[in-house]
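Spelled out from the first residue to the last, the chains are:
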Protein chains: 2
Amino acid sequence: MDYRFAGRVARMKSSAIREILKVAEQPEVISFAGGLPAPELFPLDAVRQALWDVTAADRGTLQYSTTEGYGPLREQISERMRTRGIEASPTEILVTNGSQQALDLVAKLFLDPGDAVVVESPSYLGALQVFDSYEARLVAIPTDDEGIVLDRLEEAIRREAPKLLYLTPTFKNPTGVTIPAARRVRLMEILERHGTMLVEDDPYSDLRYSGTPIDAIKSLDRSGRVLHLGSFSKTVAPGLRLGWITAPPALIAKLVLAKQGTDLHTGTLVQRALSRYLRDNDAAAHVQTIRSAYGSRRDVMLRALEGAFPPGVTWTRPDGGMFLWATLPPIVDTTLLLEEALRRRVAFVPGEPFFPDGDVSNCLRLNFSNSRPEQIETGIARLGALIGCVAVG
Amino acid sequence: MDYRFAGRVARMKSSAIREILKVAEQPEVISFAGGLPAPELFPLDAVRQALWDVTAADRGTLQYSTTEGYGPLREQISERMRTRGIEASPTEILVTNGSQQALDLVAKLFLDPGDAVVVESPSYLGALQVFDSYEARLVAIPTDDEGIVLDRLEEAIRREAPKLLYLTPTFKNPTGVTIPAARRVRLMEILERHGTMLVEDDPYSDLRYSGTPIDAIKSLDRSGRVLHLGSFSKTVAPGLRLGWITAPPALIAKLVLAKQGTDLHTGTLVQRALSRYLRDNDAAAHVQTIRSAYGSRRDVMLRALEGAFPPGVTWTRPDGGMFLWATLPPIVDTTLLLEEALRRRVAFVPGEPFFPDGDVSNCLRLNFSNSRPEQIETGIARLGALIGCVAVG
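Let us look at the structure shown here. (Residues numbered from 1 in each chain as written. Chains lettered and ligands numbered in written order. Predicted model: local features only at pLDDT ≥ 70, side-chain atom pairs only at ≥ 80, totals over all residues. Heavy atoms only, no water.)

A few words on the sheet that holds strand β8 (residues 226-231) of chain B. Residues and elements named next belong to chain B. Read from one edge to the other, the open sheet built from eight strands follows the order β2-β9-β8-β7-β6-β3-β4-β5, with strand pairing classed as mixed. In this open sheet, the two edge strands, each paired with only one partner strand, are β2 (93-96) and β5 (147-148). Where strand β3 (residues 116-121) meets strand β6 (residues 164-167), three bridges bridge the pair, whose relative direction is parallel. The partner of Val-119 across the bridge, within β6, is Tyr-166. Contacts from helix α8 (residues 249-263) reach β2, β7 (197-201), β8 and β9 (243-246), with the element oriented near 25° to β2. (Pairing = 2+ DSSP bridges. Helix = DSSP H or I, 4+ residues; strand = E, 2+ residues; numbered from the N terminus. Contact = heavy atoms within 4.5 Å. Axes fitted to C-alpha atoms, helices over the stretch in contact; angles between N-to-C directions.)

So, in structure tokens, the structure goes:
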């Protein structure tokens, strides 16, 4: 049967790479492709106990609840935001089904078809998908080793008057790059000058392994033009699907209306269980455990790259997050390389889909959080041998 | 600060009645206003045990998972659909965050601004909100005591060529009315004749207290034009936020893309826990328990109405669901009546917002699932006394 879909459906494409990567799920493949946290570090027993406790007697745990989110959890998030330099009352926080839903709700609030959205090149793929599904016009700005290039950004803002600027300023997916404090200040000045709204996607900032913590860009916001998105997926567990938006009350009120129509509210049970987990455990100590494990994995990967990758290949050295990013000689198409890599039982994500204009094909993203150190060494050796062959010709 | 919102935001309105009804949350008010299941009937211990069991060892329970939904749960839903006369393989099922998200995803898939959507008058408020948020043009069709009036429906389909028809054919929210089998067959013929898609919202069909079960309209669908929405909110618990869509594989594939951008996937933990609950418990027996409790509450309310409501007031006598619907003399505006009712410590929802054209103001919706029998008797007596004063003048 022929269905009469909405116009946006033409822009909701199934990913060819996702199909190829199904091979990477086989146990003999060492995969640096996913964006998964390490399951062996999930606080399973503590979450289990929290679930047990919140289902002891209070039947409200299984009932409908408010769209805004569970009160005590919003208070805990408000506290947590202080560590990012953000002063936000619980009324400035909306709990969402992971930060992906936060992105979708923000797009729903601001974007009409054809509206310009400025993004970094490369950018988080899931954000590009959201903006595509709202039929936005993506304006891609190049990045250097300190993130988005400000001159090019201001030029684009002048020309396009975008509805939104979207950034992952800290340990960005896919490159691991962080915008330093000084550039954040200058960025905020540009936003003020032109009245531009910023969506600051910040799921990785707790995962810092070196360098000095930097406050969120939202901490510089005096006029209510930054929406900050947070997530418990990397610090507790992604299978709960819990994230949040921090924004001025006027925006939260609209986002609540948008969420009400979208799914009424985020699950009562998971919100109460997370709140209990945060109350009854030393969540900061747990994050420290994750940090030290991921930090060593990053170091192992960086050392392995030094040993295994041939000259002419460069890569980022991120201070945190879950990814690093390698740039190969321009003759190498990493989408083609992936098929050969899978035959050699190692997987990565080709860089091309992260570029809004799809114009760069010699990069690849490597995840270091979800493989054990010995797997990292073996996998990078396999990959280095392959790249050696291809790049030398 | 002045924000440049998307056009759709103008149609996402905060409900004035929702504000008034906050008073109804005070314990001294007997509320027939909500749409809540009775929490004392939640299978709390069984859900608690299921949560305990799925968090015993498998860390995948807290990990990211597939957008389609948890495989074993999709199989269980597929089995369950047989009781509605629907043959659907697990690949024809997408798990959602409650059936409200199912509605939102269906709208995302089909609706461009200005597209016509045919709805019943009155209709489920949450559906009207979704269609509004996609800037659809609502075409309201009158209903009689067998649901949507088919001649008027066919006329509207001819005139408007709607993208979707939206119905809650079984124990409809707000009226409790059910479309009988014969009218379902004729309805399906009309849809076939004009190539119209149907969204069949079916959250209440398990809650039947009298009469003979009727298969879902989807059971008559031979050409893949019916999307059937189901929910565990009424038969297990709403705080889990678990529903589903049954649709042809070609539509599921597109809905999966839409959901991926919206929130990646529904929570792994809650899906696995629900699947475990369904496996390890006699879920059908639990539904029977709910049925017998709600059935008596309905009977108590119907008897109380006979005794307390003055002549000139009529009401529906639904065979199931959670609501009945009263029609007062045309001079009574039930939105004004609500304020006086709250002073007398009884609450209901005025009918007006359920009418897409907002043109009927003398109806009200009464929920009977969330009050105990003695509260029902007291509350209806209070309401009857008030209506007696007002209607007589």
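In this section: the pattern of salt bridges. Counted by the stated rule, this structure contains 54 salt bridges over all chains. Close ionic contact of Asp-280 of chain A with Arg-279 of chain A constitutes a salt bridge, the shortest N to O distance being 2.9 Å. For Arg-279 of chain A, a relative accessible area of 57% puts it in the exposed group. Here Arg-272 of chain B and Asp-58 of chain B are joined by a salt bridge, their closest N and O atoms 2.9 Å apart. In this pair, Arg-272 of chain B sits in helix α9 (residues 268-280) while Asp-58 of chain B sits in the loop between α2 (44-54) and α3 (71-81), placing the two residues 214 residues apart along the sequence. With relative accessibility at 17%, the residue Arg-272 of chain B sits in the buried group. If you follow the salt bridges from partner to partner, you end up with Asp-53, Arg-276, Arg-279 and Asp-280 of chain A in one network. (Salt bridge = Lys/Arg side-chain N within 4 Å of Asp/Glu carboxyl O. Buried < 20%, exposed > 50% of the residue type's maximum accessible area, 1.4 Å probe, protein only.)

Turning next to helix α7 (residues 181-194) of chain A. All names here are of chain A. Compared with an ideal rise of 1.5 Å per residue, which puts 14 residues at 20 Å, α7 spans 20 Å between its outermost C-alpha atoms and is within 8% of the ideal. Buried residues of α7: Arg-183, Arg-184, Leu-187, Met-188, Ile-190 and Leu-191, and no others. Taken around the axis of α7, the buried residues stretch over an arc of 160°, which confines them to a single face. Exposed residues pointing more than 90 degrees away from the buried face of α7 are listed as Ala-182 and Arg-193. On its buried face, α7 sits against β4 (137-144), β5 (147-148), α6 (150-160), β6 (164-167), β7 (197-201) and β8 (226-231). Immediately downstream of α7, the backbone of Gly-195 shows phi near 65°, a positive value. (Expected span 1.5 Å × (residues − 1). Arc of directions from axis to C-beta.)

Another aspect to go through is the environment of Leu-227 of chain A. Residue and element names in this part refer to chain A. Its location among the elements puts Leu-227 in strand β8. Looking at Leu-227, the relative accessible area reads 0%, which means it is buried. Separated by 121 residues in the primary sequence, Leu-227 and Val-106 place their C-alpha atoms 8.4 Å from one another. When neighbours within four sequence positions are excluded, Leu-227 is seen to be in contact with Val-106, Phe-110, Met-197, Leu-198, Val-199, Glu-200, Ile-245, Thr-246, Ala-247, Leu-251 and Leu-255.

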